[in-house]
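Structure assessment
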Amino acid sequence: MSNIDNSTYKQIKKSRKLSEEGRYDKGRYGHWKHYRNMRILVAAILLLAIAASVVLSLAVFHTKKTVFIVIACLLAIPFARNITDIIMVLKARSLERSVYEKMETVSQEAGVRLLYDIMITETDGAVYIPCMLIAANNIIAFTPDYSDTKAREKIKTYISGANTAAGLNFRIFVTEREDTFIKEIKKVNIHEGIPSEDDIRMKQTILSMGI
């Protein structure tokens, strides 16, 4: 008996899995704000714990040579990590709600799914992409806050790192113009609305490149 080709079924399952992600996961609208708020909350809790450990050591034992000081020092590491994340996300700006709703309408009409609040970090900094389409071997980025040509070229360079990391060769297009982005979305044709294996791999690669 010949093997049954279940590749389409697997693609449908993967597509459904991608659509079942959490409300504020990477690639969802509002991720940056939610991530920043969570980091602020965690940093505040850690700061209180550090202060409590130091005060307890000095007030009760009248010395710094206690296990509470060791605890405070250990807690300083995740505290610093959270502060760094907060600083990184402070520069990120999501789309205006009205623009987001417009993009969602366009994406539904085109039968594609857009990604939002994408950050890509490198050793020399980070770039912020509020809206992106990954489909049919295309990466189309909408960057309304980057009107400078050099800034958009930098974003393109950062994104090209995903091609290298995933071993793919996706076309990369970056624009700050809303009408151009919408026009590019409408050009993309996904077969039966199901993302390909390469599209899924590229999405996972892009999301893994930032916080």
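Below is a summary of the structure that appears in this document. (Residues numbered from 1 in each chain as written. Predicted model: local features only at pLDDT ≥ 70, side-chain atom pairs only at ≥ 80, totals over all residues. Heavy atoms only, no water.)

Before going further, it helps to spend a moment on the sheet that holds strand β3 (residues 138–142). Spatially, four strands are ordered β1-β2-β3-β4 in an open sheet, and the strand pairing comes out mixed. With one partner strand each, in any of the chains shown, β1 (114–122) and β4 (171–175) form the two edges of the open sheet. Adjacent strand axes in the sheet meet at a mean angle of 35°, parallel and antiparallel pairs treated alike. Relative to β4, helix α5 (residues 149–166) is tilted by about 155°, and along the sheet it contacts β1, β2 (125–135), β3 and β4. Contacting β1, β2, β3 and β4, helix α6 (residues 178–187) runs over the sheet at an angle of about 160° to β3. (Pairing = 2+ DSSP bridges. Helix = DSSP H or I, 4+ residues; strand = E, 2+ residues; numbered from the N terminus. Axes fitted to C-alpha atoms, helices over the stretch in contact; angles between N-to-C directions. Contact = heavy atoms within 4.5 Å.)

Unusually for a residue other than glycine, histidine 62 sits at a positive phi of about 55°. When you line up the elements, histidine 62 lands in the loop between α2 (31–60) and α3 (67–90). Although it is not a glycine, aspartate 117 sits at a positive phi angle of roughly 55°. You can see aspartate 117 is positioned in strand β1. On the basis of relative accessible area, aspartate 117 is assigned to the buried category, the value being 1%. (Buried < 20%, exposed > 50% of the residue type's maximum accessible area, 1.4 Å probe, protein only.)

The next subject is the environment of glutamine 204. With respect to the helices and strands, glutamine 204 occurs in helix α7 (residues 197–207). Its relative accessible area of 48% is what places glutamine 204 among the partly exposed residues.

Moving on: the nonpolar core. Counting 22 residues, the largest nonpolar core has Ile120, Ile159, Met202 and Ile206 as the members making the most contacts within it. Counting residues per element, the ones that place at least two in this core are β1, β2, β3, α5, β4 and α7. Here this core gets five residues from one element, more than from any other, and that element is α5. Ignoring sequence-local partners within four residues, the contact set of isoleucine 206 consists of Ile118, Ile120, Met132, Ile134, Ile159 and Ala162. (Core = buried A, V, L, I, M, F, W, Y, C linked by side-chain atoms within 4.5 Å.)

This brings us to the pairing of β2. Within β2, ten of the eleven residues are buried, leaving the element largely enclosed by the surrounding structure. In this structure, the hairpin formed by β1 and β2 is closed by a connection of two residues. Between β2 and β3, which pair antiparallel one after the other, the connecting turn spans two residues, and alanine 136 there sits at a positive phi close to 50°.

What the rule picks out here adds up to six aromatic pairs. For the ring pair tyrosine 29 and tyrosine 116, a centre distance of 5.9 Å and an interplane angle of 80° mean the geometry is edge-to-face. With a gap of 87 residues between them, tyrosine 29 in the loop between α1 (7–19) and α2 and tyrosine 116 in strand β1 connect regions that are remote in the sequence. We note that tyrosine 29, like tyrosine 116, is buried. Measuring from centroid to centroid gives 6.0 Å for tryptophan 32 and tyrosine 128, while their planes differ by 85°, and the two rings are edge-to-face. Residue tryptophan 32 is located in helix α2, and its partner tyrosine 128 is located in strand β2; the two are separated by 96 residues in the primary sequence. Among the residues examined, tryptophan 32 registers a relative accessible area of 1% and is labelled buried. (Phe/Tyr/Trp six-rings, centres within 6.5 Å; stacked < 30°, edge-to-face > 60°.)

Further remarks concern the pattern of salt bridges. Tallied over the entire structure, the rule returns nine salt bridges. A network of salt bridges, in which partner residues are shared, links Arg171, Glu184 and Lys187. (Salt bridge = Lys/Arg side-chain N within 4 Å of Asp/Glu carboxyl O.)

Glancing now at the pairing of β1. Among the nine residues of β1, seven are classified as buried, and the element is accordingly described as predominantly covered. As paired strands, β1 and β2 are joined by eight bridges and run antiparallel to one another. Bridged to glutamate 122 within β2 is glycine 125.

Time to look at the packing of helix α4 (residues 97–110) against α6. The interhelical angle for the contact between α4 and α6, taken along N-to-C directions, is 20°, at an axis separation of 9 Å. Considering the angle they form, α4 stands roughly parallel to α6. Pair α4 / α6 crosses with right-handed handedness. In this structure, α4 uses Val99, Lys102, Met103, Val106 and Ala110 to contact α6, whose residues at the interface are Glu178, Phe181, Ile182, Ile185 and Lys186. (Parallel < 35°, antiparallel > 145°, perpendicular 65-115°, else oblique. Left-handed = near helix turned anticlockwise from the far one by under 90°.)

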